[in-house]
Amino acid sequence: MGNEIDGEYMLCCLECGAEIGGHWRIRCDCGGILELWRDFSGMDGERLQQLFEQRLYLERGTVYGSGVWRYKELIAPELPENALTTRGEGNTGLYLSQACAAYAGIRELRLKAQSENPSGSFKDNGMAAAVSHGLSLGKNVFACSSTGNTSASLAMYAAWSGSSSLVIAPASNISPAKINQTTAYGAQVIRFDGTYDDGIAFLEKWGDALGLYVCNSLNPYRIEGQKSIVYELAQQLQWKMPDWIAIPGGALSNVSALGKGLGDLWRLGMIDKLPRIALVQAEGASPFHRMVEQKGKTFVPEPNPRTRASAMNIGNPPSWRKAPAALELTQGVTAAVSDEEIMLAKRVIDRSGIGCEPASAATLAGLKMLRTDGTIDKDETAAAILTGHMLKDADALEELYSGGIMHMPGGEPLSPEVVRRFILK
Ligand SMILES: *Cc1c(COP(=O)(O)O)cnc(C)c1O
Ligand SMILES: [Zn+2]
């Protein structure tokens, strides 16, 4: 694509409207959060589609074989190729599931299994971009506050690129599997008596002074990288979009990225229509949904967030200001579902042969709810973003399924007669 792409971007403050060029930073002088904007107006959507199509056949493990860097022109054209790190992220399956469609009560439902990413969650799409940007600046210590998946992803890319990582995580309500995965990749993990939100506040205050490259969801490159999820979804559907895309919401970075990515594709004329976004939160951690429901403009954080879906257990999402634009652009809606509804939906997704961690199942629970209240029509189609792998929350598997294992009475030997009783036809 050569010099059609100059790679220039502008950081825009969502608080005071300031436009900052040139200098990299995560917050505006006024304290507002920044969004990265580029001018794609000179680009040819059809040529991009051809380029992205050619790259589909590249070998796994090569930079442009990545499901993030395949779309580099729309994600981070300015980054030098030698700074790009990749574990072959993205390239995840899109599965038509009749069982899940029937559960939601709609005609057609596809599951976009971001759980198939190398560290097991969608966080890899954004983290590949953020760590690459850090590397381009010569940084070699990466840090984040995390409910688990962000830290595992961060630690994986830090290890893979020969850097080190530091993670701050709450002492409780985090899946042990995620923390152990993070440590396994070599991260220094500090657990403390506080929330995810407290950890973010600490890193924002001290990150620079400590020489850390902070990869929280505030980092605009996380959002840029996560846009690849919807680019890939569109490409898998030959650029013909479903009526709805359901996505779970915690820190609200993924929904912002989804909206931004859809906006790019739409403005470039690459997709046939704008799907509506259904953003689903867990009842116990749904401050954004409550604001939307009350048609309010002031965001009231939830001081004591509580949900079994730990990846969404966030009461004060720092980037909530990026989310309304995604809903506005797509005539999106929000919903809040109970932990019980989440676990029921998880059973359906697990049983379908794909599986996911609890937070991801909020998508299916939310679609069902929105179908029941008439927001979604039975003849509409949808895609649900499954954000994390079922093995990420082994405790949830134990709780839900250990009762389903047959235990032979003590002393009774295995025999064909006994085993026959357990064969399902
Ligand atoms: C991070 C995460 C979420 C929430 O995404 P946000 O971008 O924080 O809204 C949902 N599900 C899983 C599995 C996650 O790891
Ligand atoms: Zn500002």
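Quantities reported herein were computed from a predicted structural model and do not represent experimental measurements. (Residues numbered from 1 in each chain as written. Chains lettered and ligands numbered in written order. Predicted model: local features only at pLDDT ≥ 70, side-chain atom pairs only at ≥ 80, totals over all residues. Heavy atoms only, no water.)

Participant: What am I meant to see in the coordination of the zinc ion (ligand 2) here?
Facilitator: Octahedral metal centres with six donors ideally show angles of 90 or 180 degrees, and tetrahedral centres with four donors ideally show 109.5 degrees. Coordination of the zinc ion (ligand 2) by the protein is provided by C13 (SG), C16 (SG), C28 (SG) and C30 (SG), with metal-donor distances spanning 2.3 Å. Around the zinc ion (ligand 2) sit four donor atoms; with metal-centred angles ranging over 104 to 114°, the donor geometry is tetrahedral. When the donor residues of the zinc ion (ligand 2) are listed from N- to C-terminus, their spacing reads C-x2-C-x11-C-x1-C. With C13 in strand β1 (residues 9-13) and C28 in the loop between β2 (19-21) and β3 (34-38), this pair connects stretches of sequence that are 15 residues apart. (Donors = N, O, S within 2.8 Å, 3.2 Å for Na, K, Ca; no water. Tetrahedral: all angles 85-135°; square planar, octahedral: opposite > 155°, others 65-115°. Helix = DSSP H or I, 4+ residues; strand = E, 2+ residues; numbered from the N terminus.)

Participant: Help me understand the site of ligand 1, please; the structure alone is not making it clear to me.
Facilitator: Neighbouring residues of ligand 1: 15 residues in total, closest K123, N149, G250, S253 and T387. A distance of 2.8 Å separates an oxygen atom of ligand 1 from a polar atom in the backbone of L252. Within the side chain of T387, one N or O atom sits 2.7 Å away from a nitrogen atom of ligand 1. The protein chains hide 98% of the 380 Å² of surface that ligand 1 would expose on its own. (Near = heavy atom within 4 Å. Polar contact = N/O pair within 3.5 Å; in protein donor to acceptor, adjacent residues only side chain to side chain. Areas by Shrake-Rupley, 256 points an atom, 1.4 Å probe, with all protein chains shown as cover.)

Participant: Explanation requested: the packing of helix α9 (residues 253-267) against helix α11 (residues 323-330) in the structure shown.
Facilitator: Relative orientation and spacing of two packed helices are given, respectively, by the angle between their axes and the distance between those axes. Interhelical geometry of α9 versus α11 gives an angle of 45° and a closest axis separation of 8 Å. In terms of orientation, α9 lies oblique with respect to α11. Relative to α11, the crossing made by α9 is left-handed. Residue-level inspection shows V255, S256, G259, L262 and G263 of α9 in contact with α11, the latter providing A323, A326, L329 and T330. Taken together, the residues of the contact of α9 with α11 break down into five nonpolar, four polar and no charged. (Axes fitted to C-alpha atoms, helices over the stretch in contact; angles between N-to-C directions. Parallel < 35°, antiparallel > 145°, perpendicular 65-115°, else oblique. Left-handed = near helix turned anticlockwise from the far one by under 90°. Contact = heavy atoms within 4.5 Å. Nonpolar A, V, L, I, M, F, W, Y, C, P; charged D, E, K, R; others polar.)

Participant: How should the sheet that holds strand β12 (residues 333-337) be read in this particular structure?
Facilitator: Ordered by their spatial adjacency, six strands build an open sheet running β4-β5-β13-β10-β11-β12, and the pairing between neighbours is mixed. One side of each edge strand has no neighbouring strand; the edge strands of this open sheet are β4 (94-96) and β12. Shown here is a sheet whose adjacent strand axes are inclined to one another by a mean of 25°, direction ignored. Of the pairings in the sheet, the one linking strand β11 (residues 276-282) to β12 comprises five bridges and is parallel in character. (Pairing = 2+ DSSP bridges.)

Participant: Can you help me understand the domain arrangement of the protein in this one?
Facilitator: One can read the domain layout of the protein as domain 1 (1-39) and domain 2 (94-117 + 225-402). Here domain 1 and domain 2 have C-alpha centroids that lie 27 Å from each other. Counting residues at the interface gives seven residues for domain 1 and six residues for domain 2. Counting the surface lost from both domain 1 and domain 2, the interface buries some 640 Å², and carbon and sulfur atoms represent 56% of this. In this assembly, domain 1 and domain 2 are joined by one salt bridge. R321 is paired through a salt bridge with E15; the nearest N and O atoms lie 2.9 Å apart. Taken together, the connections running from domain 1 to domain 2 amount to three residue pairs in polar contact (both at pLDDT 80 or more). Within the side of domain 1 that touches domain 2, the residues separate by chemical class into five nonpolar, no polar and two charged. (Domains from an automatic or database assignment. Buried area = accessible area lost by both parts, 1.4 Å probe. Salt bridge = Lys/Arg side-chain N within 4 Å of Asp/Glu carboxyl O.)

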